[in-house]
Each structure stands twice: as structure tokens, then as C-alpha cells.
Amino acid sequence: TTMVAHEAVHTQQKNNRGYAKGYYNHRLLTQSIREGCADFIGSLLTGSIINNVQYEYGLTHEAELWKEFQQHMNGPDFSRWLYNGITSVDRPADLGYFIGFRICERYYNQSKNKAKAIRDLLSIKDYPKFLKKSGYGFPN
């Protein structure tokens, strides 16, 4: 059911042009937030997450993952972060989902109006701006 909820969230995300148009639609940050948003809202709906191993590893290594992610987030290379289940050998696959989840979770948790926060999560237009609004990040 969690996977179904994740995919259902994707159908509700606005500005869903995927990779077709726009600079940020081709970037790691955008796709990680889109996938993480689907995981986060899916977890709110079901009370569980899709990949426990990924999230346990992510929480344990969050500061170093965030530092690494920042170096690549505005680029088009997803190979170490998304859709890499076959090629990831030194850590769990798809850690971009985890980073995106945490960005969305931070935004939601700091929002006073939770219903509005969900609407905001489903209608992100400017992903770098959304990241800043979320307040997510660690000191370097």
C-alpha cells in the first residue's frame, strides 16, 4: 500500500513536466524532491515508508550525505542518488529519495498550516527556492 500511495501522490503533483522542459526539471534536486515528496506524503497516508534500509542508513549518515548531495544537486547526474538499485554497491540505492523526503518533511513540520503545507508540496514550481523555504540543511 505504501508504494501505491507513493505513485498516487505523483498523479497529484502539479507542474509535472518531468524532463521535458526547464532547467530545473533536469536536475538532481528537482527529481529528489519530487520522489521524496511522494515518499513523504505516502508515509503520512500509510504510516510506513517504502525502504527502511535506505532511511535508516540516511538518518545515520545524513550530514555527510547532505554535504555530498549539495555538490551534485544542480547537475543532471542522478547515478549515485536515484534509480541506481543495480549499480549501488557501497551504500543503499536511491538515497535521493531520502534527501527529498527530509526536505519535504522539514517543510511540513515547520509549517503551522499542515493542509496548506501538503498543497505546497504538491505544487512546487521553483525547487531551489523551495529548498531554502524548507529550512533543511546542515552547517558545513
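Above: the structure in question.
Now for a look at the structure at hand. Source: prediction; values computed, not measured.

## Thoughts on unusual backbone geometry
Stage number 1. We note that Tyr83 has phi near 55°; this positive angle belongs to a residue other than glycine.
Stage number 2. Here Tyr83 shows up in the loop between helix 4 (62-72) and helix 5 (95-110).
Stage number 3. Phi at Asp94 takes a positive value of approximately 60°, unusual for a residue other than glycine.
Stage number 4. In this fold, Asp94 is placed in the loop between helix 4 and helix 5.

## Some points on the pattern of salt bridges
Once their charged atoms are close, side chains differing in charge can pair, the charge on each being opposite to the other.
Stage number 1. In the structure shown here, the tally under the stated rule is six salt bridges.
Stage number 2. The salt bridge involving Arg80 is made with Asp90; its shortest N-O contact spans 3.5 Å. A residue pair is termed long-range when its members are at least 10 positions apart, and Arg80 in the loop between helix 4 and helix 5 and Asp90 in the loop between helix 4 and helix 5 qualify at ten residues.
Stage number 3. Take Arg80: its relative accessible area is 36%, and that puts it in the partly exposed class.
Stage number 4. For the salt bridge of Asp120 with Lys116, the shortest nitrogen-to-oxygen distance reads 3.0 Å.

The rules behind the values
Residues numbered from 1 in each chain as written. Predicted model: local features only at pLDDT ≥ 70, side-chain atom pairs only at ≥ 80, totals over all residues. Heavy atoms only, no water. Helix = DSSP H or I, 4+ residues; strand = E, 2+ residues; numbered from the N terminus. Salt bridge = Lys/Arg side-chain N within 4 Å of Asp/Glu carboxyl O. Buried < 20%, exposed > 50% of the residue type's maximum accessible area, 1.4 Å probe, protein only.

Limitation: the analysis is restricted to geometry and does not speak to function.
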